[in-house]
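Structural overview
Letter by letter, the chains look like this.
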Amino acid sequence: MNKRWSIDKINGFVEKNSDSTLLSTEFNGFSQKLLFKCSCGNEFEKTFKKFKNNNQRKCDVCQPPKASR
């Protein structure tokens, strides 16, 4: 299950699984924040792990953060 992610694979994942666009051109690890552009036009930053695993695939305007417990 240890899958190597490259910027090209991440871009493919983003295109298939969301309405957002990947603007970043480098990927150096899961702790790095990547720059995305939401379908509404806003730019936002998320780690790929949050984007992929937590379904945080839109900007904070279109998908507001969940309230903390």
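We now turn to the structure provided with this report. (Residues numbered from 1 in each chain as written. Predicted model: local features only at pLDDT ≥ 70, side-chain atom pairs only at ≥ 80, totals over all residues. Heavy atoms only, no water.)

Our next topic: helix 1 (residues 7-17). Every buried residue of helix 1 is accounted for by Ile10, Phe13 and Val14. Viewed end-on, helix 1 has its buried residues packed into an arc of 100°, placing them on one side of the element. The outward face of helix 1, more than 90 degrees from its buried face, is lined by the exposed residues Asp8, Glu15 and Lys16. Residues of helix 1 that are buried in the fold lie against strand 1 (21-22), strand 2 (33-37) and helix 2 (48-53). (Buried < 20%, exposed > 50% of the residue type's maximum accessible area, 1.4 Å probe, protein only. Helix = DSSP H or I, 4+ residues; strand = E, 2+ residues; numbered from the N terminus. Arc of directions from axis to C-beta. Contact = heavy atoms within 4.5 Å.)

On to the sheet that holds strand 3 (residues 43-47). Strand order in the open sheet formed by three strands is 1-2-3, with antiparallel pairing between adjacent strands. A single partner strand is all that each edge strand has here, and the edge strands are strand 1 and strand 3. Note: strand 2 against strand 3, five bridges, orientation antiparallel. In the sheet register, Leu34 faces strand 3, and the bridge partner there is Lys46. (Pairing = 2+ DSSP bridges.)

Right, let's talk about the pairing of strand 2 for a bit. Of the two faces of strand 2, only the one carrying Leu34 and Phe36 is buried; Lys33, Leu35 and Lys37 on the other face are not. Looking at chain direction, strand 1 and strand 2 are connected through two bridges and run antiparallel. Each residue of the ladder has a partner; that of Thr21, found in strand 2, is Lys37.

Before going further, it helps to examine the nonpolar core. Counting 13 residues, the largest nonpolar core has Ile10, Leu34, Phe36, Phe48 and Phe51 as the members making the most contacts within it. Of all elements in the fold, only helix 1, strand 2 and helix 2 reach the threshold of two or more residues within this core. Considering every element that reaches this core, the biggest residue donor is helix 1, with three residues. Those residues within four positions of Leu34 in sequence are excluded, and the remaining contacts are Ile10, Leu22, Ser24, Glu26, Phe27, Phe44, Glu45, Lys46 and Phe48. (Core = buried A, V, L, I, M, F, W, Y, C linked by side-chain atoms within 4.5 Å.)

The subject of this paragraph is the environment of Asn17. Tracing the backbone through its elements, the reader meets Asn17 in helix 1. As for Asn17 and Lys52, which are separated by 35 residues in sequence, their C-alpha atoms are 8.9 Å apart.

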